[in-house]
Amino acid sequence: IIKIVKQRQKQDYDSNHQYLQILLETAVAMQPYQGNKMSELKQKRDKLKEQVGILKKTIDSSFATETEIKEQLAAFSAATTIEQMNKAFDQSKNHVEYEWYKASGSITTHCNACSKSCHIDCGLSYGDNLTGCAASGTGGICRQCGCS
């Protein structure tokens, strides 16, 4: 039995030695590792991190805008008069006052109180002091509608 066990051990040793020799020969024949692939991977990771940061800011901004809109809707719902609704609208950050330019370059002056078109084709332009408009009377009272 001892002779069989020793023979079996010798076979196992020879087999393991042969596999180790093949492994070492394969390792020697392998190409060296190229570090530029790791550098490329790092650059791609950094770009992804940057894009994720931009997306996070966009999402946060969207949530902030949603919150502002909900607050604005609550203010409009709570308003019981036109004046309260106008006040709530004027306090909102979500509307934009547009300036309209005609092809002729002249403007139409609107009353600040009633929004009536008081002077069509006014000679002034946006950015000028519109109190100099012909429709604007003394003391800031409009000559067309009488509002101040």
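Residues numbered from 1 in each chain as written. Predicted model: local features only at pLDDT ≥ 70, side-chain atom pairs only at ≥ 80, totals over all residues. Heavy atoms only, no water.

J.: Teacher, can you tell me more about the overall build of the protein here?
T.: Scanning the protein from N- to C-terminus turns up three helices and two strands. In the protein, buried positions account for 10% of the 148 residues. Taking the contacts inside the protein whose residues are at least 6 apart along the sequence as the reference set, 24% of them involve residues at least 24 apart. Accessible surface, the protein: about 13,000 Å² in total, of which carbon and sulfur atoms supply 58%. (Helix = DSSP H or I, 4+ residues; strand = E, 2+ residues; numbered from the N terminus. Buried < 20%, exposed > 50% of the residue type's maximum accessible area, 1.4 Å probe, protein only. Contact = heavy atoms within 4.5 Å. Areas by Shrake-Rupley, 256 points an atom, 1.4 Å probe, with all protein chains shown as cover.)

J.: What is the right way to look at the pattern of salt bridges in this model?
T.: A side chain of one charge can pair with a side chain of the opposite charge if their charged atoms are brought near each other. By the definition in use, this model includes five salt bridges. The partner of Lys 10 in a salt bridge is Asp 14, and the shortest N-O contact between them spans 3.5 Å. In this pair, Lys 10 and Asp 14 are both assigned in helix 1 (residues 2–29), four residues apart and thus about one turn of the helix distant. The shortest N-O distance in the salt bridge between Lys 42 and Asp 46 comes to 3.1 Å. Of this pair, Lys 42 and Asp 46 both sit in helix 2 (residues 35–78), separated by four residues, roughly a single helical turn. Assessed through its relative accessible area of 46%, Lys 42 is described here as partly exposed. One network of salt bridges, in which partners are shared, links Lys 42, Arg 45 and Asp 46. (Salt bridge = Lys/Arg side-chain N within 4 Å of Asp/Glu carboxyl O.)

J.: Would you mind showing me how to read the confidence of the model for the protein here?
T.: Note that predicted coordinates carrying low pLDDT should not be read in detail. Overall, the predicted model of the protein reaches an average pLDDT of 77, with 80% of residues at or above 70. No element of the protein has a lower mean pLDDT than strand 1 (residues 107–110), which averages 73, and none a higher one than helix 1, which averages 86. (pLDDT = per-residue confidence, 0-100.)

J.: Sorry if this is basic, but what is going on with a nonpolar patch on the surface here?
T.: A cluster of nonpolar residues, Leu 20, Leu 23 and Leu 24, forms a patch on the protein surface that exposes about 290 Å² of accessible area. In this structure, Leu 23 sits in helix 1. Relative accessible area serves as the criterion here: at 55%, Leu 23 is assigned to the exposed category. (Patch = residues over 30% accessible without salt bridge, like charges linked within 9 Å, V, L, I, M, F, W, Y side chains within 5 Å.)

J.: Looking at this model, I keep getting lost on helix 1. Mind explaining?
T.: Every α-helix winds through 3.6 residues per turn, so residues three or four apart in the chain are directed the same way. In this model, helix 1 (28 residues) spans 41 Å end to end at C-alpha, consistent with the 40 Å of a helix rising 1.5 Å per residue. Little of helix 1 is tucked away, with zero of its 28 residues classed as buried. (Expected span 1.5 Å × (residues − 1).)

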